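Fold and contact review
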Amino acid sequence: MAEIKLFRIDSRLIHGQIITKWLKVSKADKIVVVDGTLAADDFMKEIYMAAVPKGVSVEIYTTEEAVREWRSTQFGTGNVLVLVRNVETCLDLYKSGFPLKSIQIGELPNGPGREPVYKAVSFSKEEVEKLKDLYDDGIEILLHIVPDNPSMEFEKVLKKFGM
């Protein structure tokens, strides 16, 4: 059974900070990306996979495939960094029985209906409500862009949204 070292919500999925910082900090030797759009695009999958250093494997699944793979093999062996693009995918995984102990949130960009809360992290009220449900279930949630910089506790997000 693989050990999930880091579960991260980051709209960019695999990018420079993941490769240069979070892989090292987490000591992961496998990246599992759960994203239906990317899983359906063979060309983009190749681009993402090419960005990863030798010795690190990459698996890209839809939510359903990821849950099925976890149930049957627990992602095999090794240390895993799981990446999802958004809160919705995270919640879908959890509701499908995927084990979540902690969630790290990286970049979630600003836009209409979204409130900036910490550096490059913005939320809609609906996203905060969904994350609050996970938090109330005992899942640790932390906003953390890069390991070199301070993180932010989810409680501050709840206060900002009046929850």
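Small disclaimer: the values here were computed from a predicted structure and weren't measured. (Residues numbered from 1 in each chain as written. Predicted model: local features only at pLDDT ≥ 70, side-chain atom pairs only at ≥ 80, totals over all residues. Heavy atoms only, no water.)

To continue, consider helix H5 (residues 87-95). Where H5 is concerned, the buried positions are Val 87, Thr 89, Cys 90, Leu 91 and Leu 93. Directly after H5, the chain includes Gly 97, whose backbone phi takes a positive value near 100°. (Buried < 20%, exposed > 50% of the residue type's maximum accessible area, 1.4 Å probe, protein only. Helix = DSSP H or I, 4+ residues; strand = E, 2+ residues; numbered from the N terminus.)

What follows deals with the packing of aromatic side chains. Taken as a whole, this structure holds 6 aromatic pairs when the rule is applied. Ring centres of Tyr 61 and Phe 75 lie 6.1 Å apart, and the angle between their planes is 10°; on these two criteria the pair is classed as stacked. Of this pair, Tyr 61 sits in strand E3 (residues 57-61) while Phe 75 is found in the loop between helix H4 (63-73) and strand E4 (79-84), placing the two residues 14 residues apart along the sequence. Assigned by exposure class, Tyr 61 and Phe 75 land together as buried. A ring pair is formed by Tyr 135 and Phe 154, whose centres lie 5.5 Å apart and whose planes are at 55°; its orientation type is tilted. With a gap of 19 residues between them, Tyr 135 in helix H6 (residues 125-136) and Phe 154 in helix H7 (residues 154-160) connect regions that are remote in the sequence. Exposure remark for Tyr 135: the relative accessible area of 25% places this residue in the partly exposed category. Judged by relative accessible area, which is 0%, Phe 154 ranks as buried. A connected cluster of aromatic rings, assembled from ring pairs, spans Phe 7, Tyr 61, Trp 70, Phe 75 and Phe 98. (Phe/Tyr/Trp six-rings, centres within 6.5 Å; stacked < 30°, edge-to-face > 60°.)

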